[in-house]
Amino acid sequence: MVDSPPRRRFLRAAAWTAAAGVIPPRLFADDMQAMHAMPSGKVGNKLCMHPMGDTSHLPGIVDPNKLAPFVDPLPIPPTLRAQAGKLLRIRMAQTSQKLHRDLAPTTLWTYGGHYPGPTIEARTGQGIDVAWDNALPSRHMLPVDHAICGAEADKPEVRAIVHLHGAKVPHKDDGFPEDWYVPGKSRTHHYPNTQDAATLWYHDHAMGINRLNMYAGMAGLYLLRDEHELSLGLPSGEQEIPLVIADRLLHEDGRLYYPDSGDANAPWVPEVFGNLTLVNGAILPRADVQPRRYRLRVLNAANGRFYHLRLKDGRPFQVIGSDQGLLARPATLKAIFLAPGERADIVVDFASLRGGSVELMNDALPLMQFKVGQGEVKDESRVPEVLRDLPRVTEASASKTRELTLDEYSDCVATPMLMLLNGKRWHDEVTEKPVLGSTEMWSLVNLTEDTHPIHLHLVRFQILDRRPYDVGEYIKSKTLHYVGPAQVPPAHEQGWKDVVQAYPGMVTRIVATFDGYAGRYAWHCHLAEHEANEMMRPFEVVAA
Ligand SMILES: [Cu+2]
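Residues numbered from 1 in each chain as written. Predicted model: local features only at pLDDT ≥ 70, side-chain atom pairs only at ≥ 80, totals over all residues.

To continue, consider the overall build of the protein. Per the secondary structure count, the protein includes seven helices and 31 strands. By residue count, 50% of the 544 residues in the protein fall in the buried class. Considering only contacts within the protein whose residues lie at least 6 apart along the sequence, 80% involve residues at least 24 apart. (Helix = DSSP H or I, 4+ residues; strand = E, 2+ residues; numbered from the N terminus. Buried ≥ 20, exposed ≤ 12 C-beta atoms within 10 Å, placed from the backbone. Contact = placed C-beta atoms within 7 Å.)

As structure tokens, this is what we get:
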């Protein structure tokens with residue numbers, strides 16, 4: 001039986017959630033839908049329902065169908081405006097937060113006392129310093145797996161290091177996974193902000209446990225603005241809304257539930273899907289808006305879930321930016337598929353919805369509601385037809401090409417148990433050593449049945465194309481035999497990126513210039529559970 005990858009993802013996810021005795025139909029509709037959104041893989045193992053862990057001890061998990069929708073206002077994280085020369089201090093600590101009106105408060109680990117953490121606002125050309133204080137408890141609230149690389153039993157249980165995702169920063173400020181520190185310690189990172197305006201975000205990156213730290217709440221936005229973007233007249237102020245989207249499972253008493261394998265010595269699970277979606281930390285919130293244009297800064301901050309976002313009435317919206325800032329021109333879409341780590345900068349016009357409402361959906365599931373006011377408003381915002389000068393990079397601009405495989409090793413019942421990049425583990429010798437300032441093309445040869453969102457630290461890149469190939473032939477002879485034409489990415493993926501969805505059965509080619517700083521950085525799958533289990537590698541930018 002050959003099955004498409006999202007189907008397998010669906011069954012795997014369903015297995016452990018079904019074991020917990022919860023919610024089959026509503027939960028995974030988007031995964032089912034995703035099946036149609038991605039190309040199907042060419043290889044398939046016989047599927048079997050492998051029990052992913054004994055969760056029968058659970059007293060119960062919150063059922064989203066029983067929560068009243070749209071009763072909580074959409075929370076807006078507090079804004080921290082960075083000023084040159086003034087140190088920002090952000091404390092990581094255990095806090096408690098109500099995620100829905102009718103739920104008991106949830107214990108979270110947050111930056112600055114909120115989930116999501118405060119939105120840091122910075123300007124291109126104005127470097128800032130942030131002191132990240134680790135004031136977390138000494139015991140972890142979620143199951144640490146000491147069999148995972150970097151989280152061995154001799155390591156402190158609670159460790160943290162902040163990575164500013166998408167930022168061009170020196171190695172020492174990047175949040176390298178091994179630069180973690182323990183509660184009671186602090187680390188100051190300098191962010192030079194020598195790059196174009198973009199929707200960046202910060203999250204924990206501590207080796208072997210960042211999937212747990214992120215799930216506990218350690219993430220926030222970092223909006224980098226520049227003069228060019230500010231000159232465009234895009235919706236701003238109250239008409240610019242951050243939307244940090246992530247899924248969770250909750251016990252009925254409000255505690256976070258993070259699934260485990262059932263083996264206390266090896267609790268890691270290959271992927272985690274929640275049945276509840278948090279938008280800025282609230283389940284099914286409502287945003288009261290005016291009948292005018294809004295700019296939505298969307299981040300998929302989930303550990304493993306892809307979101308297929310659309311508005312319920314099917315109204316089109318304009319995508320004006322991706323991971324690394326503005327597109328060349330707006331792309332008009334009715335739905336967008338975002339992988340963990342990806343961002344979308346979107347403009348929606350509610351003018352024709354005066355007095356009405358519309359829901360933001362993940363396929364068939366509502367995530368939140370926009371309730372549109374009655375009042376007359378004069379909207380002076382605009383979305384220019386040309387957003388910026390953004391030439392497409394070419395294959396010829398790369399002075400070096402690397403062919404890098406994405407690998408997955410399964411156990412006897414086809415449950416993936418280990419994921420690697422180019423067949424190597426984190427601690428293997430560094431093999432990717434781009435020369436500072438050089439341009440390289442990386443061909444990501446996906447040998448697995450999953451889509452992996454691949455993220456490179458330090459650099460921005462463009463997606464050249466994706467092309468189907470014969471996976472079996474590659475495994476046998478290491479030769480690429482293409483079985484279809486190269487597919488140029490759609491308009492909304494033609495800008496500067498720092499995460500790319502590498503589809504199964506495809507070779508995904510990206511082109512990056514390794515400028516900025518020499519030193520050691522990481523590249524990895526942004527499915528947090530894959531990243532934890534060796535789907536992360538160092539690369540080293542070497543001086544010319
Ligand atoms: Cu992955």
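Within a regular strand, side chains alternate between the sheet's two faces. On strand β14 (residues 286-289), burial follows the alternation: A287 and V289 on one face are buried, whereas R286 and D288 on the facing-out side are not. Bridge count for β14 against strand β22 (residues 365-372) is four bridges, and the pairing is parallel. Across the sheet, the residue bridging to R286 is Q369, located in β22. (Pairing = 2+ DSSP bridges.)

What follows covers unusual backbone geometry. Y115 connects to P116 through a cis peptide bond whose omega is -10 degrees. Here P116 is to be found in the loop between β3 (106-111) and β4 (117-123). Unusually for a residue other than glycine, K478 sits at a positive phi of about 60 degrees. Looking at the secondary structure, you find K478 in the loop between α6 (471-477) and β28 (499-502). Residue K478 is classed as exposed on the basis of its 10 C-beta neighbours within 10 Å.

Here we take up the nonpolar core. A general feature of soluble globular proteins is that nonpolar side chains tend to end up buried together. Counting 139 residues, the largest nonpolar core has Y222, I245, V298 and L338 as the members making the most contacts within it. Those residues within four positions of L338 in sequence are excluded, and the remaining contacts are V298, N300, F306, Y307, L309 and A344. (Core = buried A, V, L, I, M, F, W, Y, C linked by C-beta atoms within 7 Å.)

Next up on the list: the sheet that holds strand β26 (residues 452-456). A sheet is described by the order of its strands in space; here four strands give the open sequence β28-β26-β30-β31, paired in antiparallel fashion. The sheet is open, and its two borders are formed by β28 and β31 (536-541), each paired with just one other strand. Geometrically, the sheet is characterised by an average inter-axis angle of 25 degrees between neighbouring strands, direction not taken into account. (Axes fitted to C-alpha atoms, helices over the stretch in contact; angles between N-to-C directions.)

On to the sheet that holds strand β16 (residues 307-311). Spatially, β14-β22-β21-β16-β19 is the arrangement adopted by the five strands of the open sheet, whose pairing is mixed. With one partner strand each, in any of the chains shown, β14 and β19 (335-338) form the two edges of the open sheet. If you compare each strand with its neighbour and ignore which way they point, the axes differ by 20 degrees on average. In this structure, β16 lies alongside strand β21 (residues 357-362), joined through three bridges in antiparallel fashion. Directly across from R310, in β21, lies its bridge partner M361.

Mapped onto the elements of the fold, Y409 is located in strand β23 (residues 400-410). A tally of 13 C-beta atoms within 10 Å means that Y409 is categorised as partly exposed.

Below, the discussion takes up the environment of P75. Examined against the element boundaries, P75 turns out to sit in the loop between α3 (29-37) and β1 (79-81). As for P75 and I241, which are separated by 166 residues in sequence, their C-alpha atoms are 10.0 Å apart. Once residues lying within four places of it in the same chain are set aside, the contact partners of P75 are N280, G281, A282 and P285.

Any segment with low pLDDT has predicted coordinates that should not be analysed in fine detail. Summarising the model, the protein shows a mean pLDDT of 89, and 88% of its residues fall at 70 or more. Note that residues 1-57 has pLDDT below 50 and, in this model, 116 contacts with residues that lie over four places away or in other chains. (pLDDT = per-residue confidence, 0-100.)

Moving on: the pairing of strand β15 (residues 293-300). Most of β15 is tucked away: seven of the eight residues are buried. One ladder, built from six bridges, connects strand β10 (residues 240-250) with β15; its direction is parallel. Across the sheet, the residue bridging to I245 is N300, located in β15. Two elements, β15 and strand β20 (residues 343-349), share seven bridges in a ladder whose sense is antiparallel. Note on β20: the bridge partner recorded for R293 is D349.

Attention now goes to the environment of F273. For F273, the location among the structural elements is in the loop between β11 (256-257) and β12 (276-279). Note: C-alpha distance between F273 and A302 (29 residues apart in sequence) is 8.5 Å.

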